Amino acid sequence: MLLKPLFLSSSRFPPLHKKAIFPSPLLAAAAAAPMASSSTIPTEKEKQKEKPLQVAKRLEKFKTTIFTQMSMLAVKHGAINLGQGFPNFDGPDFVKEAAIEAIRDGKNQYARGYGVPDLNSAIAARFRKDSGLEVDPEKEVTVTSGCTEAIAATILGLINPGDEVIVFAPFYDSYEATLSMAGAKVKSITLRPPDFSVPLDELKSVISKNTRAILINTPHNPTGKMFTRVELETIASLCIENDVLAFCDEVYDKLAFEADHISLASLPGMYERTVTMNSLGKTFSLTGWKIGWAIAPVHLTWGVRQAHSYLTFATSTPMQWAASAALRAPDTYYEELKRDYMAKKEILVDGLKAAGFVVYPSTGTYFVVVDHTPFGLDNDVAFCEYLIQEVGVVAIPTSVFYLNPEEGKNLVRFTFCKDEGTLRAAVERMKERLKRK
Ligand SMILES: Cc1ncc(COP(=O)(O)O)c(C=O)c1O
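Calculation rules
By convention here, each chain's residues receive numbers from 1 onward along its written sequence. Local features in this predicted model are restricted to residues of pLDDT 70 or higher, and side-chain atom pairs are both shown and tallied only at a pLDDT of 80 or more, whereas totals for entire chains, interfaces and linings draw on every residue. By the convention used here, strands pair only if DSSP detects at least 2 bridges between them. The way it works is that DSSP assigns letters per residue, a run of H or I at least four long becomes a helix, a run of E at least two long becomes a strand, and they are numbered from the N terminus. To get an axis, a line is fitted to the C-alpha atoms, and for a helix only the part in contact is used. The angle between two axes follows their N-to-C directions and goes from 0 to 180 degrees. Working rule for angles: under 35 degrees goes down as roughly parallel, over 145 as roughly antiparallel, 65 to 115 as roughly perpendicular, anything else as oblique. By definition, any crossing whose near helix is turned counterclockwise from its far helix by less than a right angle is left-handed, and any crossing with a clockwise turn is right-handed. Contact criterion: two residues are in contact if their C-beta atoms, reconstructed from the backbone, are within 7 Å. Each residue receives one of three labels: charged for Asp, Glu, Lys and Arg, nonpolar for Ala, Val, Leu, Ile, Met, Phe, Trp, Tyr, Cys and Pro, and polar for the others, Gly being one of them. We call a residue near a molecule or strand when its C-beta atom, built from the backbone, sits within 6 Å of it. As used here, a nonpolar core is made of buried Ala, Val, Leu, Ile, Met, Phe, Trp, Tyr and Cys residues. They are joined through C-beta atoms within 7 Å. Buried means a residue has 20 or more other C-beta atoms within 10 Å of its own C-beta, exposed means 12 or fewer, and partly exposed covers the counts in between; C-beta atoms are placed from the backbone. Reported domain spans reflect what an automatic or database domain assignment gives. A score between 0 and 100, pLDDT records how confident the predictor is in each residue.

## With respect to the sheet that holds strand β12 (residues 396–397)
Thinking step 1. Judged by pairing direction, the sheet is antiparallel, and its four strands sit side by side in the order β9-β10-β13-β12 without closing on themselves. Edge positions in the sheet fall to β9 (358–359) and β12, since each of these pairs with one other strand and no more.
Thinking step 2. Inspection of the sheet shows β12 paired to strand β13 (residues 411–415) by two bridges, in the antiparallel sense. Within β13, the residue paired with Pro-397 across the bridge is Val-412.

Shown next, in the form of structure tokens:
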């Protein structure tokens, strides 16, 4: 563990993310900062805070997420935040106007649990257009509070304790925590640079009679990899041969730059065993709205909806109405989005290369992963601290995205979901201040 004796011994300080294995006083200080007091005599409120932190066993090893820690450090050091993946620009006016109108129209009480009918229809229509699959909006689409809830409802609704679920590392951090809440056994397959391709033989060898599901994220956070047709076809045939489910997180499907996005559900024989999950946040630069959905055949939707009913029951009504307006955007909206992001990506990638990083190709998402070792720091956490303190830029250490953090120690992730001025300023700082060893 990273912050051991110094910080973990004190129950006052929340221990940091379990994966932050490398010594890091800076992160520890950031995590501890909100608890600090200016007075020497503890107030009643502070005494309260000194009580040992409590958490159920199933979540014991998951601590403050790295995104929160890095964003706190960014503020503290006035660093440019290319860490957490939220745009620093606003979503489109026509969607915001639709939300305002829905609120004014009195669409403010509980929505139907599985989604307002208009949104279910818009989701089904977009899925038909994108994947060619015809789904029943009433029976096969469930609206959730962001993709995060779609992931939780899918896992909690369809996975039993002891079931094995295969994930591809590096992976989005909610997967492991939610699988842990479901009592699942996580089996991780590592995607390695430079191309982060799926080691298909290893995947075959990991599948057992206990495998219940494979969780796929394409385009992939953090690497920017897009699963190839061959990889998806192999995964599909393994799922079919072994009677395994597929859970597909496709939140970056509209940020596919160099190849068309392929939904695993659209491959022959896969729809009946796949839950496809998505959300509005990335595509419409409205990550705070938390409107998501899960699409699955009736027999799988049952489990998803059972969990959803008792997790949140329903999602914000006016935002659902606005989301249905968003999903009816013309193709030109998505074309422009892609064009904008390609320009941003070029600024960041060229800048990172000029600054001396080894930059791995990113074909989708708004992330790019680099090898930081030319700068001589021991590991990704140490490098990110150095980058914040000495250079004034925030990146995310990728070791937090692996079951075995060692596997990510050479890699850090940058995001380009920022305006061009911010990206250029960050790149200039890195070019000026980073010194190769
Ligand atoms: C791969 C992946 N899945 C899911 C999510 C969460 O999506 P939402 O904000 O819709 O819950 C994110 C957000 O960063 C993500 O990167």
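Moving on from the coordinates now.
## Side note on the packing of helix α4 (residues 66–77) against helix α14 (residues 380–391)
Thinking step 1. It is at 9 Å that the axes of α4 and α14 come closest, and there the two elements cross at 25 degrees. Taken together, the axes of α4 and α14 are roughly parallel relative to one another. The two elements α4 and α14 meet at a crossing, and its hand is right-handed. On α14, the residues that touch Met-70, Leu-73, Ala-74 and His-77 of α4 are Cys-384, Ile-388 and Gln-389.
Thinking step 2. Classifying every residue of the contact of α4 with α14 gives five nonpolar, two polar and no charged.

## Here we look at the site of the ligand
Thinking step 1. Among the 14 residues in the neighbourhood of the ligand, the closest are listed as Gly-146, Cys-147, Thr-148, Tyr-172 and Ser-279.
Thinking step 2. Here the element with the most residues in the shell around the ligand is helix α7 (residues 146–158); it accounts for three residues.
Thinking step 3. Grouping the constituent residues of the shell around the ligand by class yields three nonpolar, nine polar and two charged.

## Overview of the nonpolar core
Thinking step 1. Ranked by internal contacts, the top residues of the largest apolar core, which has 119 residues, are Ala-246, Leu-264, Ala-322, Val-393 and Val-394.
Thinking step 2. Per-element accounting of this core gives the leading share, eight residues, to α7.
Thinking step 3. Structurally, this core is a two-domain feature, drawing no fewer than three residues from each of domain 1 (1–90 + 331–437) and domain 2 (93–328).
Thinking step 4. Excluding residues within four positions of it along the chain, Val-394 makes contact with Met-70, Leu-73, Ala-74, Ala-79, Ile-80, Asn-81, Leu-82, Gly-83 and Ile-388.

## A few points about the confidence of the model for the protein
Thinking step 1. Summarising the model, the protein shows a mean pLDDT of 90, and 89% of its residues fall at 70 or more.
Thinking step 2. Considering only residues more than four positions removed or in separate chains, one finds that residues 1–21, a stretch of pLDDT under 50, has 56 contacts.
Thinking step 3. Every residue in residues 32–39 scores below 50 in pLDDT, and together they form eight contacts with partners more than four places removed in sequence or on other chains.

## Observations concerning the environment of Thr-178
Thinking step 1. Looking at where Thr-178 falls in the secondary structure, it is placed in helix α8 (residues 173–182).
Thinking step 2. In this structure the C-alpha to C-alpha distance between Thr-178 and Glu-149, which are 29 residues apart in sequence, comes to 9.8 Å.
Thinking step 3. If we ignore the near neighbours within four places in the chain, the residues touching Thr-178 are Ile-151, Ala-152 and Ile-155.

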